Amino acid sequence: VIREFGMSRAQAGVLATAPNIGLLLTAMVWGLAVDRLGGRRTLAMGAVGAGAFTALASRGGSLLTIEATLILTGLFAASAFPAGGRMVAHWFDDRRSLAMGINQAFVPVAGLLTALVLPPVPAAAGWRPALLSSGVPAMIPGAATPLLYPARAADAGRPPRTPARHPPPTRAAPPAPRPRAWFR
């Protein structure tokens, strides 16, 4: 990228952070989507969208086009955090915290694996094949999400089940007033 567009390393660093702009802009929006659509659909849409825009960035003819498609990558990638949290909450009654910890631990694990596997691609073939080779495989698990995570009634936008060994109290207190959120 630096050679093809004659950019400085600082400009390349800004380009590399473009997906984070998308993450920042849509994390809460994806949370609302998870509440309405469930974790399966949201995760599938997000993964396929992020992979598609990453692959599309490899076709960019200008820095502006590449920056825009990488921001769109981040817009879709942000779906993984609320969707993953919802899926863990619904699939694990016991040891839910451990499952969430494992879920969150895989974010840096994925970054580590990417840092180990991906650098030889641009060195050998260029930056365009590197983006393409990371975008296309990202779409595969997204498309397979509905098969890997079968539907459960709890994932259809309803709250998670209460674990069986922690029954609700017999005498319920009146519900506390909910604060108004600016995004409602």
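Residues numbered from 1 in each chain as written. Predicted model: local features only at pLDDT ≥ 70, side-chain atom pairs only at ≥ 80, totals over all residues. Heavy atoms only, no water.

Draft legend 1. The arrangement of the overall build of the protein chain in detail. Each helix and strand counted, the protein chain has nine helices and zero strands in total. When its helices and strands are written in sequence order, the protein chain yields α-α-α-α-α-α-α-α-α. Counting every position in the protein chain, which comprises 184 residues, the buried fraction comes to 28%. Considering only intrachain contacts with a sequence separation of at least 6, the fraction spanning at least 24 residues in the protein chain is 77%. About 11900 Å² of surface is accessible on the protein chain, with carbon and sulfur atoms providing 69% of the total. (Helix = DSSP H or I, 4+ residues; strand = E, 2+ residues; numbered from the N terminus. Buried < 20%, exposed > 50% of the residue type's maximum accessible area, 1.4 Å probe, protein only. Contact = heavy atoms within 4.5 Å. Areas by Shrake-Rupley, 256 points an atom, 1.4 Å probe, with all protein chains shown as cover.)

Draft legend 2. Spatial organisation of the confidence of the model for the protein chain. Here the protein chain shows a mean pLDDT of 82. Residues at 70 or above account for 81%. When mean pLDDT is compared element by element in the protein chain, helix 5 (residues 63–77) scores highest at 94, while helix 1 (residues 2–5) scores lowest at 83. (pLDDT = per-residue confidence, 0-100.)

Draft legend 3. A look at a nonpolar patch on the surface. Together, Leu-98, Ile-102, Phe-106, Val-109, Leu-112, Leu-113, Leu-116 and Val-117 make up an exposed nonpolar region whose accessible area comes to about 780 Å². Locating Ile-102 in the fold gives a position in helix 7 (residues 96–117). (Patch = residues over 30% accessible without salt bridge, like charges linked within 9 Å, V, L, I, M, F, W, Y side chains within 5 Å. Salt bridge = Lys/Arg side-chain N within 4 Å of Asp/Glu carboxyl O.)

Draft legend 4. Representation of helix 6 (residues 80–91) within the structure. Here helix 6 is twelve residues long and its end C-alpha atoms lie 16 Å apart, about the 16 Å a rise of 1.5 Å per residue gives. Lining the buried residues of helix 6 we find helix 3 (18–37), helix 4 (39–57), helix 7 and helix 9 (127–148). (Expected span 1.5 Å × (residues − 1).)

Draft legend 5. Main features of the packing of aromatic side chains. The tally for this structure, following the rule as stated, stands at three aromatic pairs. Their ring planes at 55 degrees and their centres at 6.2 Å tell us that Phe-5 and Trp-127 sit as a pair that is tilted. One end of the pair, Phe-5, is in helix 1; the other, Trp-127, is in helix 9, with 122 residues separating them in the sequence. Classification of Phe-5 by relative accessible area gives partly exposed; the value is 23%. Pairing Phe-53 with Phe-76 gives two aromatic rings, centres 5.6 Å apart and planes at 25 degrees, and the pair type is stacked. Taken as a pair, Phe-53 in helix 4 and Phe-76 in helix 5 lie far apart in primary sequence, 23 residues in all. Judged by relative accessible area, which is 21%, Phe-53 ranks as partly exposed. Aromatic ring contacts, followed pair by pair, group Trp-30, Phe-53 and Phe-76 into a single cluster. (Phe/Tyr/Trp six-rings, centres within 6.5 Å; stacked < 30°, edge-to-face > 60°.)

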